Amino acid sequence: MSLRESPFPNFFLEGLHAVGWGLIFPCFWFLDRLLAVCISTSLERMWRREMECYLHPLQVVFGSVLFFILFVISTPFALLGFMLWAPLQAVRRPFAYYHQEQIIPMEDRNARWEETGKVSFGFLTGNLCLLPDGVARFNNLGHTQKRAAYIGKSIVQGVTRPHIRIFVDSPSSCGTVTPSSSLIPQPPPSSYGSIDVSATNQMEDVRETDGLPKPNCNQNSNQHKHPPRTLLQDADVPMEVSSLFPSSVDVVCLQEVFDKRAAMKLTRALGPLYGHVLYDVGVYACQPAGTCSSFKFFNSGLFLASRYPVMEAEYRCFPNGRGEDALAAKGLLTVKVEIGLQKGEKKMVGYINCTHLHAPEGDGAIRFEQLNMLTKWINEFQEVTRREDEMVMFDVLCGDFNFDNCSPDDRLEQSHSVFEDYTDPCRAGAGREKPWVIGTLLEQPTLYIENMRTPDNLQRTLETEEVRKDYISPPVAVEGVPLVYPEPDQPWTGRRIDYLLYRESSVSSHRKTELEEFTYVTQLAGLTDHVPLAFRLSVSLDSQQ
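Residues numbered from 1 in each chain as written. Predicted model: local features only at pLDDT ≥ 70, side-chain atom pairs only at ≥ 80, totals over all residues. Heavy atoms only, no water.

The protein chain is annotated in an unreviewed UniProt entry as sphingomyelin phosphodiesterase from Sinocyclocheilus rhinocerous.

The structure is reproduced here in structure tokens:
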């Protein structure tokens, strides 16, 4: 079944919704600018000190007065728009769908699948903190629209480069240079969404002027000098920290893409590469009793881009949110995609599940119940959508779980049965990580320190245990109990709250799933407070294997 692009059943309701939001938006924007002019990121404060700029207090005073007056003037129009907008949420489908023909080429890693007897699939997940600009600044991140545009270009730049695997046969060999380790200069990136020389110069100027950290824009040449390094060979699976996104990622799952304009910028950047995008996922306003906990000001923040056509999609909202976290419609997005390959009479399909759990520390019981709900919803969705003429090739669960596998305060969530159904490549057991694991939650006050500001610097920081412990969030202790961390002879890991899991039990029989590679990505240094994760799964098609 093909999805319609509009979340509304007809053009008339879609037009009414556009009119209502058009009346609300000026008031929303003025309030956002009022917050933004009053709150500075640590990078902006540092630059003002270096430039000896003393006009900022005047800018705050006059800017806040101006935007407050405009906010008050626009409020009556916003109320009128709200009366039109809010009732329409009852008939709105909880996501928008964007589709276009793929015009940015990406290498097909499964071109010879019939000869090799295997197919492989790449997945990426990351929390981008694309909140409205004024709210994002509470997380020490600003300039939401520019960050969204640059993040989209960065993803395209990374995943469209060639897949190169070099075998080094020498006494000093450290094994296989992994797929992200391109050791030769890359060709000029595509003009669609990639960063050419002129665009790079413009982006550097924009970021320096507007308070964004200056990136390592010439990453292809720097990659030649400092290629990503494999940290550990774990059961012949290379794990690496890479300053570029891995090549040939098939599905991108993102969280905290709350801002609608930022979501559209990501969609325009990724759409020509992936072709199928689900954005603006979630519900708004009041919902029927039992489906959501309170009035929703923000959507779920979930965002999915897939190179495979979307056959079915469903969103479910967690009904047990609490406090400020309940203002967002956090929940679960479940998607079934058609891979486009066929073996015999059966066509290949896959399932992707993306979620974002309750955030505040100390609310483990809420997250535990949300894990119960999402495992139930995933199974229900797959039962309804599975067909006899299909082969399930992958079942992936990913997202920001907001708990880790090392904090004593998260013991309840660490013991959930979801980790019995799904395989976590980083997990050695409840409360125990594998030795090579690195935390994914960065300390927000340190985002713009020299060791964190560029992809190469962040890569080196994460690779060095003694250095990274100053920049990754430490475990959370149980209240009143002293924290002893790490245990003797164990490495310092930090909080890994972003997860990429896969399940074999739902994959069609006589198929074996193996993990080819696992990647920590530093290309978004200074643009988010999380470290994106990627992995590639290889599925054997030979029953004898």
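Next, the rest of the story.
## Topic: the overall build of the protein chain
Within the protein chain one finds 14 helices and 18 strands. In the protein chain, the proportion of contacts linking residues at least 24 apart, taken out of those at least 6 apart, comes to 77%. Carbon and sulfur atoms make up 58% of the accessible area of the protein chain, which totals about 22,900 Å². (Helix = DSSP H or I, 4+ residues; strand = E, 2+ residues; numbered from the N terminus. Contact = heavy atoms within 4.5 Å. Areas by Shrake-Rupley, 256 points an atom, 1.4 Å probe, with all protein chains shown as cover.)

## Considerations on the packing of aromatic side chains
Under the defined criterion, the tally for this structure stands at 25 aromatic pairs. Their ring planes at 75 degrees and their centres at 6.3 Å tell us that Phe121 and Tyr308 sit as a pair that is edge-to-face. One end of the pair, Phe121, is in strand E2 (residues 118–127); the other, Tyr308, is in the loop between strand E9 (303–306) and strand E10 (310–317), with 187 residues separating them in the sequence. For the pair formed by Phe121 and Tyr308, the shared burial category is buried. Through successive ring pairs, a cluster of aromatic residues spans Phe121, Phe123, Tyr308, Phe394, Tyr502 and Phe535. Sitting over the face of the ring of Trp21, Lys260 holds its NZ or CZ atom 4.3 Å from the ring centroid. Taking the ring centre of Phe419 as reference, the NZ or CZ of Arg427 above it sits at 4.2 Å. (Phe/Tyr/Trp six-rings, centres within 6.5 Å; stacked < 30°, edge-to-face > 60°. Buried < 20%, exposed > 50% of the residue type's maximum accessible area, 1.4 Å probe, protein only. Lys NZ or Arg CZ within 6 Å of the ring centre and 35° of its normal.)

## So, the UniProt feature "transmembrane region" (unreviewed entry) in the protein chain
Listed under "transmembrane region" (unreviewed entry) in the UniProt record, and renumbered for this structure, are residues 20–39 and 60–85. End-to-end, the C-alpha atoms of residues 20–39 are 29 Å apart, and along that stretch the chain is 95% helix and 0% strand. Taken as a whole, residues 60–85 contains 100% helix and 0% strand, while its terminal C-alpha atoms sit 32 Å from one another. (UniProt positions renumbered as here; feature names shortened; annotations may be inferred.)

## Thoughts on the sheet that holds E10
Here we have five strands laid out as an open sheet, ordered E10-E11-E12-E13-E16, and mixed in their pairing. A single partner strand is all that each edge strand has here, and the edge strands are E10 and strand E16 (498–502). Adjacent strand axes in the sheet meet at a mean angle of 15 degrees when their direction is disregarded. Pairing of strand E12 (residues 346–356) with strand E13 (residues 390–400), which is carried by 10 bridges, proceeds in the parallel orientation. (Pairing = 2+ DSSP bridges. Axes fitted to C-alpha atoms, helices over the stretch in contact; angles between N-to-C directions.)

## Observations regarding the packing of helix H1 (residues 11–38) against helix H3 (residues 56–88)
Between H1 and H3, the least distance of the axes is 6 Å, while the angle of their chain directions is 160 degrees. In terms of orientation, H1 and H3 fall into the roughly antiparallel class. When the axes of H1 and H3 are compared, the crossing they make is left-handed. A breakdown of the residues in the contact of H1 with H3 according to their chemical character gives 26 nonpolar, nine polar and one charged. (Parallel < 35°, antiparallel > 145°, perpendicular 65-115°, else oblique. Left-handed = near helix turned anticlockwise from the far one by under 90°. Nonpolar A, V, L, I, M, F, W, Y, C, P; charged D, E, K, R; others polar.)

## Re the environment of Leu244
Secondary-structure assignment places Leu244 in the loop between strand E6 (237–242) and strand E7 (251–255). Separated by 279 residues in sequence, Leu244 and Gln523 have C-alpha atoms that sit 5.1 Å apart.

## Regarding the pairing of E13
Burial analysis of E13 places 11 of its 11 residues in the buried class, the great majority of the element. Inspection of the sheet shows E13 paired to E16 by five bridges, in the antiparallel sense. Pairing of Asp400 across the sheet is with Asp498, part of E16.

## A closer look at the packing of helix H6 (residues 144–159) against helix H9 (residues 260–274)
The geometry of H6 relative to H9 is characterised by a closest axis approach of 8 Å and an angle of 15 degrees between their N-to-C directions. For the element pair H6 / H9, the angle class is roughly parallel. The handedness of the crossing between H6 and H9 is right-handed. The segment H6 lies against H9, with Thr144, Gln145, Ala148, Ala149, Ile151, Gly152, Lys153, Ile155, Val156 and Val159 engaging Arg261, Ala262, Lys265, Leu266, Ala269, Leu270, Leu273 and Tyr274. Of the residues belonging to the contact of H6 with H9, the class tally is 12 nonpolar, three polar and three charged.

## Describing the layout of surface pockets
The computed volume of the largest pocket comes to approximately 1,100 Å³. Forming the boundary of the largest pocket are 42 residues, of which Trp21, Ile24, Phe28, Trp85 and Lys260 lie nearest the centre. Sorting the residues of the lining of the largest pocket by element identifies H1, H3, strand E1 (96–99) and H9 as the ones contributing at least two each. Top contributing element to the lining of the largest pocket by residue count: H1, with 11 residues. Among the residues forming the lining of the largest pocket, the class breakdown is 27 nonpolar, four polar and 11 charged. Both of domain 1 (11–83) and domain 2 (99–161 + 228–541) provide at least three residues apiece to the lining of the largest pocket. (1 Å grid on protein atoms, 1.4 Å probe; cavity = no way out; pocket = protein on both sides within 12 Å on 5 of 7 lines; lining within 4 Å. Points joined across faces, edges and corners; volume = space filled by probe spheres on them. Domains from an automatic or database assignment.)

## Overview of H1
With 28 residues, H1 ought to run about 40 Å at 1.5 Å a step, and its terminal C-alpha atoms sit 40 Å apart, in line with that. The sharpest bend along H1 reaches about 30 degrees and sits at Ile24, with the proline Pro26 one to four residues further on. All buried positions along H1 are accounted for by Leu13, His17, Gly20, Ile24, Cys27, Phe30, Asp32, Leu34, Ala36 and Val37. Buried residues along H1 sit in contact with H3, helix H5 (133–136) and H9. (Expected span 1.5 Å × (residues − 1). Bend = angle between axes of the 7 residues up to and from the residue.)

## Overview of the pattern of salt bridges
What the rule picks out here adds up to 24 salt bridges. The partner of Arg495 in a salt bridge is Glu361, and the shortest N-O contact between them spans 3.7 Å. Of this pair, Arg495 sits in the loop between helix H14 (465–468) and E16 while Glu361 sits in the loop between E12 and helix H10 (364–385), and the two are 134 residues apart along the sequence. Residue Asp410 is joined to Arg367 by a salt bridge in which the shortest nitrogen-to-oxygen separation is 3.9 Å. Taken together, the positions of Asp410 in the loop between E13 and helix H11 (411–414) and Arg367 in helix H10 put the pair 43 residues apart, joining distant regions of the chain. (Salt bridge = Lys/Arg side-chain N within 4 Å of Asp/Glu carboxyl O.)

## Re the environment of Phe123
Take Phe123: it is sitting in strand E2. The exposure class assigned to Phe123 is buried, which follows from its relative accessible area of 2%. Considered as a pair, Phe123 and Ile352 are 229 residues apart in the sequence and their alpha carbons are 9.4 Å apart. Discounting residues that sit within four places of it in the chain, Phe123 has contacts with Val249, Val251, Ile352, Phe394, Val396, Leu500, Leu533, Ala534, Phe535 and Leu537.

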